[in-house]
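Listed below are the residues making up each chain.
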Number of protein chains: 2
Amino acid sequence: MRQAHESEMAEDYVELIAELIEARGEARPIEIAERLGVKPPTVTKNISRLKAAGLVRRERYRAIFLTEAGQQLAESCRRRHRIVVAFLQLLGVDEETAERDAEGIEHHVSKTTLAAFERALEKC
Amino acid sequence: MRQAHESEMAEDYVELIAELIEARGEARPIEIAERLGVKPPTVTKNISRLKAAGLVRRERYRAIFLTEAGQQLAESCRRRHRIVVAFLQLLGVDEETAERDAEGIEHHVSKTTLAAFERALEKC
DNA sequence: TAGAAAATTTAGCCCAAGCTAACTTTTCAG
DNA sequence: CTGAAAAGTTAGCTTGGGCTAAATTTTCTA
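Here is what the cut-offs are and how they apply
- As a convention, each chain's residues are numbered from 1 in the sequence order in which they are written.
- Written order determines the labels here, with chains lettered from A and ligands numbered from 1.
- Local features in a predicted model are, by the rule used here, given only for residues with pLDDT of at least 70; side-chain atom pairs are given and counted only at 80 or more, and totals for whole chains, interfaces and linings are based on all residues.
- The side-chain numbers reported here are obtained from all heavy atoms of the structure, hydrogens and water having been left aside.
- Helical segments are the DSSP runs of H or I of at least four residues, strand segments are the runs of E of at least two, and each set is numbered from the N terminus.
- Using C-alpha atoms as the atom set, the radius of gyration is obtained and then compared with a globule rule of 2.2 Å times the number of residues to the power 0.38.
- Whether a residue is buried, partly exposed or exposed follows from its accessible area with a 1.4 Å probe, protein chains only, as a fraction of its type maximum: under 20%, in between, or over 50%, in that order.
- When checking whether two residues touch, look at their non-hydrogen atoms; a contact exists if any pair is within 4.5 Å.
- With residues, only the protein chains shown are counted as cover, and all accessible areas are computed by Shrake-Rupley using a 1.4 Å probe.
- For the purpose of charge, His is not counted, nor are the chain termini; Lys and Arg are scored as positive and Asp and Glu as negative.
- Lys charges are placed at NZ, Arg charges at CZ, Asp charges at CG and Glu charges at CD.
- By convention, the term buried area covers the 1.4 Å-probe accessible surface removed from two parts as they join, with the contributions of both added.
- A carboxyl oxygen of Asp or Glu within 4 Å of a side-chain nitrogen of Lys or Arg is what we treat as a salt bridge.
- In protein, a polar contact means a hydrogen-donor-capable atom and an acceptor-capable atom, both N or O and within 3.5 Å, with residues adjacent in sequence counting only if both atoms are side-chain atoms; elsewhere, any N or O pair within 3.5 Å suffices.
- Basically, the charged four are Asp, Glu, Lys and Arg, the nonpolar ten are Ala, Val, Leu, Ile, Met, Phe, Trp, Tyr, Cys and Pro, and anything else, Gly included, counts as polar.
- Domain start and stop points were drawn from an automatic or database domain assignment.
- In this analysis an axis means a line fitted to C-alpha atoms, helices contributing only their contacting stretch, and an angle means the value between N-to-C directions, from 0 to 180 degrees.
- The scheme is simple: roughly parallel for angles under 35 degrees, roughly antiparallel for over 145, roughly perpendicular for 65 to 115, oblique for anything else.
- Should the near helix be turned anticlockwise from the far one by less than a right angle, the crossing is left-handed, and should it be turned clockwise, the crossing is right-handed.

From N to C terminus, chain A includes 6 helices and 2 strands. In chain A, the succession of helices and strands from N to C terminus is α-α-α-β-β-α-α-α. Taken over the C-alpha trace, chain A has a radius of gyration of 15 Å; the compact-globule value for 124 residues is 14 Å, and the two agree within 12%. The burial tally for chain A puts 44% of its 124 residues in the buried class. In chain A, 55% of the contacts between residues at least 6 apart in sequence involve partners at least 24 apart. By element, 50% of the accessible surface of chain A is carried by carbon and sulfur atoms, the whole surface being about 7,500 Å². Taking the average location of the 20 positive side-chain charges in chain A and that of its 22 negative ones, the two points are 7 Å from each other.

Structure representation (structure tokens):
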């Protein structure tokens, strides 16, 4: 069983990198640092971990891109994130809180629970 | 604003200590280690952190008890835990998965979201 | 009740993820 | 096209939470 078990760090980074690439065409360390509320050296270190894990492609001083594996992980994280946020809002949670809580919750939602959220969403 | 901001570690420990005290009258490091899937020295270290944080009362080589603050924290954690588990089950998630997911999710559920879960539970 | 077994602690290690200070590279404006 | 500003990296430190091995204390049992 190839249970990926990527860290929350990895998930947060690839998710954000995918967003930045979509919005700007590339992901820059300084933007990642700002968005994650972290300092640039921390980003440098973590990006090199993601590179070692085969999730990003990157040359020194250049922008960051996702590998195939990174894109796949990002896609499933973003999907899960959207579902969690939508589900919380369905329950009557305001958007801001839904976003904040989802960031913490999403990493702990199993396939089973995610499916349950989707069912609830379908039932309008 | 006295936002406690206890760590997940602290929450997990006081929650478990409260359970053990309820079940056995006292909480022993070795039981905590087994239940949390951690080795005894880790428990020793973390218990001394909880003591420094004013959450537990404890003498060397003796059982562990909760302070007033610890009891209050444990109570709110246990309540939140029960609500999260019940809510997941209400959605059709099996008990085992609900328990497993709740352990990760509970630490990230805001008051707002918890209230939303409760509302859903009341509506049967 | 003495000695073995079980429980607990101490010492010393590791790793992830954060930081600051200082340095290097890239970018941009004049 | 050059030099200052911005961006990125490196080095080295810190903290939390984990581990093993070894020492110590407590608890049983013969």
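Further notes follow.
Turning our attention to the interface of chain B and chain A. By a widely used convention, the size of an interface equals the accessible area lost when the partners come together. Tallying the contact residues gives 19 residues for chain B and 19 residues for chain A. Surface buried jointly by chain B and chain A totals about 1,400 Å² across both partners, of which 65% is contributed by carbon and sulfur atoms. Counting every contact that joins chain B to chain A gives 0 salt bridges. Where chain B meets chain A, there are 6 residue pairs in polar contact (both at pLDDT 80 or more). Among the elements that line the side of chain B that touches chain A, the one with the most residues is helix α6 (residues 111-122) of chain B, at 6 residues. Taken together, the residues that form the side of chain B that touches chain A break down as 9 nonpolar, 7 polar and 3 charged.

All names here are of chain A. Parsing chain A into structural domains produces domain 1 (8-73) and domain 2 (75-122). For domain 1 and domain 2, the distance between their C-alpha centres works out to 23 Å. Listed per partner, the contact involves 10 residues of domain 1 and 9 residues of domain 2. The junction of domain 1 with domain 2 conceals about 850 Å² of combined surface from both sides, 41% of it contributed by carbon and sulfur atoms.

All right, on to the packing of helix α4 (residues 68-90) of chain A against helix α5 (residues 95-105) of chain A then. Residues and elements named next belong to chain A. Across the interface, α4 lies against α5 with an axial gap of 9 Å and an inter-helix angle of 135 degrees. Comparing the axis directions of α4 and α5 gives the class oblique. As for how α4 packs across α5, the hand of that crossing is right-handed. Only Glu95, Ala98, Glu99, Asp101, Ala102, Glu103 and Ile105 of α5 make contact with α4, whose side of the interface consists of His81, Val84, Val85, Leu88 and Gln89. Across the contact of α4 with α5, the residue classes break down as 6 nonpolar, 2 polar and 4 charged.

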